[in-house]
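# Tertiary structure, described
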Amino acid sequence: MSRGRLAEIGRVVLLVVIAVALQTLIVSRVSVLGVTADLFLTLTVVSAISRGPLYGAVFGFAAGVVADIAYMEPLGVRALIYVLMGYMVGSLVHRFATVNLWGVFLMAACASFLAQLAYGLFQYATGPRAGFFGMLATQVLPETVLDALITVPVYVLLIRLRVVPAPQAETAAAGTGPE
Amino acid sequence: MPRNNVAWRRFIFVILIIASLALLTVTFREASSGPVHSIQQAGASILAPLQTWGAKIAEPFQDGYQWFKTLWSAHRRAERLEEELQTLKGEAIKLEETVEEYKRLQGLLDLRDKGVYPDGTDFTVADVIAKSPSRWSSWVLIDKGTADGVRTGLPVVGATPMTGETLAGKGLVGKVTEVTATTAKVQLIIDSDSAVNAKIQGNRAEGIVEGSISGDLTMDYVERDIAVDPKLVIVTSGYGPIYPADIPIGIVASVGEEDVNIYKEIEVQAFVDFRVLEEVMVLILPEEEP
């Protein structure tokens, strides 16, 4: 395995550790509009935007497994959802090369919304059942907004700190992503 | 193995999906003591201290946040309650005003119903809309005029909130001295130019109740040999063209005598409190035949 590949894996591990620490230490304890932000998903979206669909999917899988462990939920649920979200967001960036902050905001909102719908579907199939519109109003939409609002500063901060690379719109548009 | 980037990407993606589904399936299928559950429990036990530390670290911040939140909530609640209190106070004041007005109007009704007035006397209630600005003259302006049948020379009675005596608060106010279509000026009996023929109930002593610049009422021309006790009620005597008989004026407050004066010096306390006069009733007496 090349040094570059090892460095990328190291970054994934570092980001996951950061996500776990921040999510458990801070984010999960701050409730806004009755919901808490999902930093695992936020970082999955940031990774996918900055490094493409493969990196996003791998990070999503790792983050999802750790989230399932941290939340004591069936292993694989969030991993599956975050893999799908990471790949989807990364593919969108590659296809449209939309890497400005509004694009980040919108993609984070879409990813959060779809992730919650998928998770809600899983809960509906296996766990307690709640009214769709009630959950939409009290959980899905507030968290969608919160996740999207969190993602933008996290994205900017991680780029400033060089934890993730700056957006590469040209290469993304050319279809030669950095994976 | 895929040879180009896109194929490699898709291959890894599919592998991750399969891995996730496999994890999910194994989690649901295996017993709680199975390897995946064990791994998850081991991971959770590693993360547990982190979460515990997180809770401890976050606790003061959460407490602070809750404190500010509660404080803000209490502040908002206090503001809301203050607004409600002001509203209720306003309503209470309005109700008190209504009660006071009711009492005053009730007093006027008592005067109308219990008094003995010439046949054909009509009554009109008027609001006081202005008062004399100085002590040089004592008058009030009322909101009824010729359009309501008011004319000069008519007596005016009033009722003000007072407690104690039966007649307290109800009595003679004065007479109409000027009138327009919609207003009339009423000279009060405490005006220094006012003079009302009066008598003292109980001993039938007669005299004239006069006003003064100080606002005090005195009863003059009562013979010194007539015994006058304080607290006796003074009413109009009915002599003269203006005031009908037996309209209450006030009570004897004090009685004095001087060697150089052939009459008693009687101070009168009016029934009506002219400082708080708000409504009056004009006695519209039938006009005398020319």
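As a starting point, this report considers the structure included with it. (Residues numbered from 1 in each chain as written. Chains lettered and ligands numbered in written order. Predicted model: local features only at pLDDT ≥ 70, side-chain atom pairs only at ≥ 80, totals over all residues. Heavy atoms only, no water.)

## Focus on the overall build of chain A
Put simply, the test is: Secondary structure follows DSSP: runs of H or I at least 4 residues long count as helices, runs of E at least 2 residues long count as strands, and numbering of each begins at the N terminus. Note on classification: 1.4 Å probe, protein chains only; a residue is buried when its accessible area is under 20% of the maximum for its type, exposed when over 50%, partly exposed between these limits. Under the convention used here, a 1.4 Å probe and the Shrake-Rupley method define accessible areas, while residue burial counts only the protein chains that appear.
Helix and strand content of chain A: 7 helices and 0 strands. Secondary structure elements of chain A occur, N-terminal to C-terminal, as α-α-α-α-α-α-α. Per-residue burial over chain A gives 49% buried out of 179 residues. Here chain A displays about 8200 Å² of accessible surface, and carbon together with sulfur accounts for 72% of that area.

## Overview of the packing of helix α4 (residues 77-96) of chain A against helix α1 (residues 5-29) of chain B
Heads up, the condition is: Axes here refer to lines fitted to C-alpha atoms; in helices the fit is confined to the stretch in contact. Angles between the N-to-C directions go from 0 to 180 degrees. An angle counts as roughly parallel when it lies under 35 degrees, as roughly antiparallel when it exceeds 145, as roughly perpendicular when it falls between 65 and 115, and as oblique in every other case. It is the rotation of the near helix from the far one that decides the hand of a crossing: anticlockwise by less than a right angle makes it left-handed, clockwise makes it right-handed. Two residues form a contact once any of their heavy atoms are found within 4.5 Å. Classification convention: Asp, Glu, Lys, Arg as charged; Ala, Val, Leu, Ile, Met, Phe, Trp, Tyr, Cys, Pro as nonpolar; all other residues, Gly among them, as polar.
For the pair α4(A) and α1(B), interaxial distance at closest approach is 7 Å and the crossing angle is 160°. Here α4(A) is positioned roughly antiparallel relative to α1(B), judged by the angle of their axes. When the axes of α4(A) and α1(B) are compared, the crossing they make is left-handed. Contacts between α4(A) and α1(B) pair V77(A), A79(A), L80(A), V83(A), L84(A), Y87(A) and H94(A) from the former with R9(B), R10(B), F13(B), L16(B), I17(B), S20(B), L21(B) and L24(B) from the latter. Of the residues belonging to the contact of α4(A) with α1(B), the class tally is 11 nonpolar, 2 polar and 2 charged.

## Overview of unusual backbone geometry
Phi at Y221(B) takes a positive value of approximately 65°, unusual for a residue other than glycine. Secondary-structure assignment places Y221(B) in the loop between β8 (217-220) and β9 (233-236).

## A look at the nonpolar core
Spelled out, the test is: In this description, a nonpolar core means a group of buried Ala, Val, Leu, Ile, Met, Phe, Trp, Tyr and Cys residues linked to one another through side-chain atoms lying within 4.5 Å.
Judged by nonpolar contacts, the single largest core of 62 residues is most densely connected at L43(A), I49(A) and L158(A). Among the secondary structure elements, those contributing two or more residues to this core are α1 (3-25), α2 (39-51), α3 (53-71), α4, α5 (101-126) and α6 (132-160) of chain A together with α1 and α2 (35-114) of chain B. Leaving out residues up to four positions away in the same chain, L158(A) has contacts with L15(A), L43(A), V46(A), V163(A) and V164(A). Grouped together as the second largest cluster of nonpolar side chains are 47 residues, L154(B), L217(B), M281(B) and I284(B) included.

## A look at a negative patch on the surface
All names here are of chain B. We count it as follows: Think of a patch as exposed residues, more than 30% relative accessible area, with no salt bridge, where like charges cluster within 9 Å and nonpolar side chains (Val, Leu, Ile, Met, Phe, Trp, Tyr) cluster within 5 Å. We count a salt bridge whenever a side-chain nitrogen from Lys or Arg sits within 4 Å of a carboxyl oxygen from Asp or Glu. A positive count includes Lys and Arg, and a negative count includes Asp and Glu. His and the chain ends are not counted in either. Each charge is placed at NZ for Lys, CZ for Arg, CG for Asp and CD for Glu.
Together, D216, E258, D259, E265 and E267 make up a region of like negative charge exposed at the surface. Relative to the helices and strands, D216 is located in the loop between β7 (206-210) and β8. With a relative accessible area of 47%, D216 lands in the partly exposed category.

## A look at the pairing of strand β11 (residues 265-270) of chain B
Residues and elements named next belong to chain B. Let me state the cut-off plainly: Any two strands with at least two DSSP-identified bridges between them are counted as paired.
What you see with β11 is a clean split: I266, V268 and A270 sit on the buried side and E265, E267 and Q269 on the side with no burial. Relative to β11, β8 runs antiparallel, the two being bridged by 3 bridges. Paired with M219 across the strands is I266, a residue of β11. Bridge count between strand β10 (residues 248-256) and β11: 6 bridges; the pairing is antiparallel. Note on β11: the bridge partner recorded for G256 is E265.

## Focus on the pattern of salt bridges
Residue and element names in this part refer to chain B. All chains considered together, the criterion is met by 6 salt bridges over all chains. We note a salt bridge from K264 to E257, for which the minimum N-O separation is 2.6 Å. Exposure remark for K264: the relative accessible area of 6% places this residue in the buried category. With its nearest N and O atoms 2.9 Å apart, the salt bridge here joins R275 to D273. In this structure R275 comes out as exposed when scored by relative accessible area, which is 69%. Via salt bridges that share partners, R224, E257 and K264 belong to a single interconnected network.

## Here we look at the sheet that holds strand β4 (residues 170-179) of chain B
All names here are of chain B. Read around the closed barrel, the 6 strands follow the order β1-β2-β5-β4-β3-β12; overall the barrel is antiparallel. Adjacent strand axes in the sheet meet at a mean angle of 45°, parallel and antiparallel pairs treated alike. The sheet contact formed by strand β3 (residues 155-159) and strand β12 (residues 279-284) spans 3 bridges and is antiparallel. Its bridge partner being in β12, G158 is matched across the sheet by V280.

## Quick look at the environment of P74(A)
With respect to the helices and strands, the residue P74(A) is situated in the loop between α3 and α4. Accessibility expressed as a relative area gives 25% for P74(A), which makes it partly exposed.

## Quick notes on the packing of α2(A) against α6(A)
Residues and elements named next belong to chain A. Taken N-terminus to C-terminus, the directions of α2 and α6 make an angle of 50°; their axes are 9 Å apart at the nearest point. Taken together, the axes of α2 and α6 are oblique relative to one another. Pair α2 / α6 crosses with right-handed handedness. Within the contact between the two elements, α2 uses L39, L41, T42, L43, V45, V46 and I49 and α6 uses D147, I150, T151, V154, Y155 and L158.

## Side note on the environment of A181(B)
Residue and element names in this part refer to chain B. Note that A181 resides in the loop between β4 and β5 (184-188). Placed 36 residues apart in sequence, A181 and G145 show a C-alpha to C-alpha distance of 4.7 Å. When sequence neighbours within four positions are dropped, the list of residues in contact with A181 reads G145, T146 and A147.

## With respect to the packing of aromatic side chains
Going by this rule: Here is the rule: rings of Phe, Tyr and Trp (six-membered ring for Trp) pair when centre to centre is within 6.5 Å. Planes less than 30 degrees apart are stacked, more than 60 are edge-to-face, and the remainder are tilted. For a lysine, the NZ atom is tested; for an arginine, the CZ atom; a charge sits over a ring if that atom is within 6 Å of the ring centre and within 35 degrees of the ring normal.
Summed over all chains, the structure comprises 7 aromatic pairs over all chains. Ring centres of Y87(A) and F13(B) lie 3.9 Å apart, and the angle between their planes is 20°; on these two criteria the pair is classed as stacked. Of this pair, Y87(A) sits in helix α4 while F13(B) sits in helix α1, on two different chains. Under the relative-accessibility criterion, Y87(A) is labelled buried at 12%. Assessed through its relative accessible area of 16%, F13(B) is described here as buried. A network of ring pairs unites the aromatic residues Y119(A), F122(A) and F28(B) as a single cluster. Over the aromatic face of Y55(A) sits the side chain of R51(A), whose NZ or CZ is 4.6 Å from the ring centroid.

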